[in-house]
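Chain residues, written in single-letter form:
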Amino acid sequence: MFHYFDNAATTPVRTEAAQAALEAMTQGWGNPSSVYSFGAQAAARLKGWRGDVAAALGCGPEEVFFTSCGTESDNWAIHGALELNRRRGRHIVTTAIEHAAVLEPVRTLERQGYEVTWLQPDHQGNIHPDQAAEAIRPDTVLVSMMLVNNELGTILPVKETAQAIKRSGSSALLHCDAVQGFLKVPFTPSALGVDLLSISGHKIHAPKGVGALYIRRGLKLPALMRGGGQENGLRSGTEATGQIAAFAAAARLGAAAMDKDIAHMAQLKSYTLGRLAQEVPEAAVLTEGGAPHILPISLPGYKSEVVVRFLGDRGIFLSSGSACHKGKPSHVFATLKLTKPQRDGALRISFSYDTVREDVDALVSGLKQARDQLFASLS
Ligand code: PLP
């Protein structure tokens, strides 16, 4: 028995998704490109799965391109947009709190001579709608802004940024990393006004190793990989039908239950806030954010890695920041105006539709024990 609070890092695969993968791998395992009937059946199923993901996302199936993960989708969107706009300029706008899957490719482009405007959040981790508007120039070719920050749960002003790009008359393309937003906050790509949008399977109870890039109808994004012409010629490679089947099942079920799941996670978040205020009042809430599934807190004076290990030994799993940073100090927390003890003690609690109050009770009593038993290392 354990209590899992690291759903922003990855989620357990839901049974229906695993079953869909098993079925795709053991029964309908034909190559969708094969011309005989067994292949054609696989192609028909693939069409259905694309339709499921598109319906969950609220876009057309021809706008969904399967990839291997959110990181691949982000990299493809960024490099593809720059290639498409290569004659129009070399200025990029992004935020200082993007995930490494956007941050690192943009940093590399900056070293290669692109000019980058990094939008800085306020002390609560919010980016304001007018910040992007002020940064957009005639030579801006790409704006990349995440929908939900993976460490803070803050919701970024993607829609307002799309409107600002339109108003400016700039030909900048807008990419949105919606890996943490998909099925956690309601949106559609067209309502946001984005050109490109990334999602990932393992954050929505599908397996790791599958994601998708939304490419707005009519946008001629260059191919990521050339080869056999799969994914409408843009991302060649035999389709990962097992993972895609699971992704589609998780997206379908997640979309059907989205309103209920969001309400459940939001209730758990406020229950956690209430219990913490009563039982561990020294735990500071870094920001209440807008997303229902992420709650960043800090136990000032306690090293977060020590607390994470202490709780882990008791079967309670949470993160000391984004798991993708492998223990390196978080660039997101570094942008907030936190004291050193607050920053060092930062913890991320993240919920899922299957988290229950008993899990929260175990977490709160674990944090209480950590506070009482660990030496405060105030510095
Ligand atoms: N973008 C965000 C906001 C994320 O939280 C993550 C994963 O943590 C990614 C991108 C990367 O997704 P993947 O693990 O599917 O490559």
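Located above this text is the structure these notes cover.
Quick caveat: nothing in here was measured; it's all calculated off a predicted structure.

A. Inspection of the environment of Thr-10 at higher detail. With respect to the element layout, Thr-10 can be found in the loop between strand S1 (3–4) and helix H1 (15–26). Among the residues examined, Thr-10 registers a relative accessible area of 18% and is labelled buried. The sequence separation of Thr-10 and His-202 amounts to 192 residues, and the corresponding C-alpha distance is 5.7 Å. There is a polar contact of 3.1 Å between the side chain of Thr-10 and the side chain of Lys-208.

B. The sheet that holds strand S9 (residues 284–285), seen in detail. Pairing is antiparallel in the open sheet, where 3 strands are placed in the order S9-S10-S12. Two strands close off the open sheet at either side, each with one partner strand: S9 and strand S12 (346–350). Looking at chain direction, S9 and strand S10 (residues 294–298) are connected through 2 bridges and run antiparallel. Paired with Val-285 across the two strands is Ile-297, which belongs to S10.

C. The arrangement of the packing of helix H2 (residues 37–57) against helix H8 (residues 241–256) in detail. For the pair H2 and H8, the least separation of the axes is 8 Å and the interaxial angle reads 35°. Like other packed secondary-structure pairs, H2 and H8 cross with a definite hand, here left-handed. For the pair H2 and H8, contact is made by Leu-46, Trp-49, Asp-52, Val-53 and Ala-56 and by Thr-241, Ile-244, Ala-245, Phe-247, Ala-248, Ala-251, Arg-252 and Ala-255, respectively.

Rules used in this analysis
- Residues numbered from 1 in each chain as written.
- Predicted model: local features only at pLDDT ≥ 70, side-chain atom pairs only at ≥ 80, totals over all residues.
- Heavy atoms only, no water.
- Helix = DSSP H or I, 4+ residues; strand = E, 2+ residues; numbered from the N terminus.
- Buried < 20%, exposed > 50% of the residue type's maximum accessible area, 1.4 Å probe, protein only.
- Polar contact = N/O pair within 3.5 Å; in protein donor to acceptor, adjacent residues only side chain to side chain.
- Pairing = 2+ DSSP bridges.
- Axes fitted to C-alpha atoms, helices over the stretch in contact; angles between N-to-C directions.
- Left-handed = near helix turned anticlockwise from the far one by under 90°.
- Contact = heavy atoms within 4.5 Å.

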